[in-house]
Amino acid sequence: DVKDILQELDDMGVDLEEWFYDLGIEPQFSINEDNIHFNNAYRIYEGGSQNFTVEGTDAVRINISLTGSEITFKESSDGDFHIQATGIGRLQAYVEDHTFYLKGSKTGLNITLSDIVLEIPEGVSFENLTLDVGAGSVDLGGLRVVKLKEDVGAGAFTASYLDADEARFSAGAGEIAV
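Colleague: Honestly, the packing of aromatic side chains in this entry has me stumped. Any pointers?
Modeller: To describe a pair of aromatic rings, one takes the distance between the centres and the angle between the planes. Summed over the entire model, instances satisfying the criterion amount to five aromatic pairs. Between tyrosine 45 and phenylalanine 52, the aromatic rings sit 4.0 Å apart at their centres with planes inclined by 15 degrees, giving stacked as the arrangement. Centre to centre, the rings of phenylalanine 81 and phenylalanine 100 are 3.9 Å apart; their planes meet at 10 degrees, and the pair counts as stacked. Separated by 19 residues along the polypeptide, phenylalanine 81 in strand 4 (residues 80–96) and phenylalanine 100 in strand 5 (residues 99–105) bring together distant segments of the chain. There is no split in this pair, since phenylalanine 81 and phenylalanine 100 are both buried. Here a set of aromatic residues connected by ring pairs shows up, and it is made of Tyr42, Tyr94 and Tyr101.

Colleague: What is the right way to read the pattern of salt bridges from this model?
Modeller: Pairs can form between side chains of opposite charge once their charged atoms are near each other. One pass over the structure, following the stated rule, counts two salt bridges. Of the charged contacts in the structure, one is a salt bridge between glutamate 46 and arginine 90, with a shortest N-O distance of 3.9 Å. Pair noted here: glutamate 46 is in strand 1 (residues 45–55) and arginine 90 is in strand 4, with a separation of 44 residues, a long-range link. Accessibility expressed as a relative area gives 55% for glutamate 46, which makes it exposed. Residue class for arginine 90 comes out partly exposed when judged on its relative accessible area of 21%. A salt bridge links glutamate 127 to arginine 61, with the nearest nitrogen and oxygen atoms 3.5 Å apart. Note that glutamate 127 is positioned in strand 7 (residues 125–133) and arginine 61 in strand 2 (residues 61–66), a separation of 66 residues in sequence. Relative accessible area serves as the criterion here: at 26%, arginine 61 is assigned to the partly exposed category.

Colleague: Just checking my understanding: could you explain the side chain of serine 114 for this structure?
Modeller: Along the chain, the position of serine 114 falls in strand 6 (residues 114–120). Reaching out from serine 114, the side chain makes a polar contact with the backbone oxygen of glycine 87 at a distance of 2.7 Å. Each residue touching serine 114, except ones within four places of it in the same chain, is listed here: Gly68, Ser69, Glu70, Thr86, Gly87, Ile88, Gly89 and Lys106.

Colleague: What is the right way to read the nonpolar core from this model?
Modeller: The tendency in soluble globular proteins is for nonpolar side chains to be buried as a group. Formed by 32 residues in total, the largest nonpolar core has its most connected members in Phe73, Phe81, Ile83, Phe100, Leu102, Leu118 and Leu140. Elements that contribute at least two residues to this core include exactly strand 1, strand 2, strand 3 (69–75), strand 4, strand 5, strand 6, strand 7 and strand 9 (144–152). The leading source of residues in this core is strand 4, at six residues. In this structure leucine 140 touches Phe73, Leu129, Leu131, Leu148, Phe157, Thr158, Ala159 and Leu162, once residues within four positions along its chain are discounted.

Colleague: Quick question: what am I supposed to make of unusual backbone geometry here?
Modeller: Trans peptide bonds make up the majority, and among non-glycine residues the majority have a negative phi. A positive phi angle, close to 50 degrees, is found at aspartate 97, a residue other than glycine. Secondary-structure assignment places aspartate 97 in the loop between strand 4 and strand 5. Here the phi dihedral of histidine 98 falls at roughly 65 degrees; this positive angle occurs in a residue that is not glycine. Along the chain, histidine 98 falls in the loop between strand 4 and strand 5. With a relative accessible area of 40%, histidine 98 lands in the partly exposed category.

Colleague: It is not clear to me how the environment of alanine 159 should be interpreted in this structure. Could you clarify?
Modeller: Note that alanine 159 resides in the loop between strand 10 (156–158) and strand 11 (163–171). Residue alanine 159 is classed as buried on the basis of its relative accessible area of 5%. As a C-alpha pair, alanine 159 and isoleucine 176 span 17 residues in sequence and 8.7 Å in three-dimensional space. Excluding residues that lie within four positions of it along the chain, alanine 159 makes contacts with Leu140, Ala177 and Val178.

Analysis parameters
- Residues numbered from 1 in each chain as written.
- Predicted model: local features only at pLDDT ≥ 70, side-chain atom pairs only at ≥ 80, totals over all residues.
- Heavy atoms only, no water.
- Phe/Tyr/Trp six-rings, centres within 6.5 Å; stacked < 30°, edge-to-face > 60°.
- Helix = DSSP H or I, 4+ residues; strand = E, 2+ residues; numbered from the N terminus.
- Buried < 20%, exposed > 50% of the residue type's maximum accessible area, 1.4 Å probe, protein only.
- Salt bridge = Lys/Arg side-chain N within 4 Å of Asp/Glu carboxyl O.
- Polar contact = N/O pair within 3.5 Å; in protein donor to acceptor, adjacent residues only side chain to side chain.
- Contact = heavy atoms within 4.5 Å.
- Core = buried A, V, L, I, M, F, W, Y, C linked by side-chain atoms within 4.5 Å.

Function cannot be read off these values alone, since they describe shape.
Here's what the structure looks like:
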């Protein structure tokens, strides 16, 4: 799995950018936020570890756009969304027009994935879940949705249990296991 390979390289102290330059190759890739459009009306958390709560009482849809992150879904014990993140570049979460948005990115060539745990309101069935994960992975846990749209770039999507009336998956260099 991509995360294991990246972790092994990181454990060995491999700096991909330096390695490419040593080979005389200018890197033509990066984990960046080119496809992540942050909303300047809401707070953007930067760097390190973050723990915060977003009131989610009227959210009926979830829209997640991430690069360079591993995200795991869990149920919260109340009606709010709780986010615990480590190793992030930039991260933003808010509710607008009955949609919970989570946007995040890594910057540069740091190959260690961010780790995000998203606690969702307990017992809620969402109308729509849209996931766009670049280099990263998703574990849905037991989330209930009516409509699921999942796009995995160079990452992995796993669901040991999937409760959706309709699901659409696409993967570039990624892996999908349901």
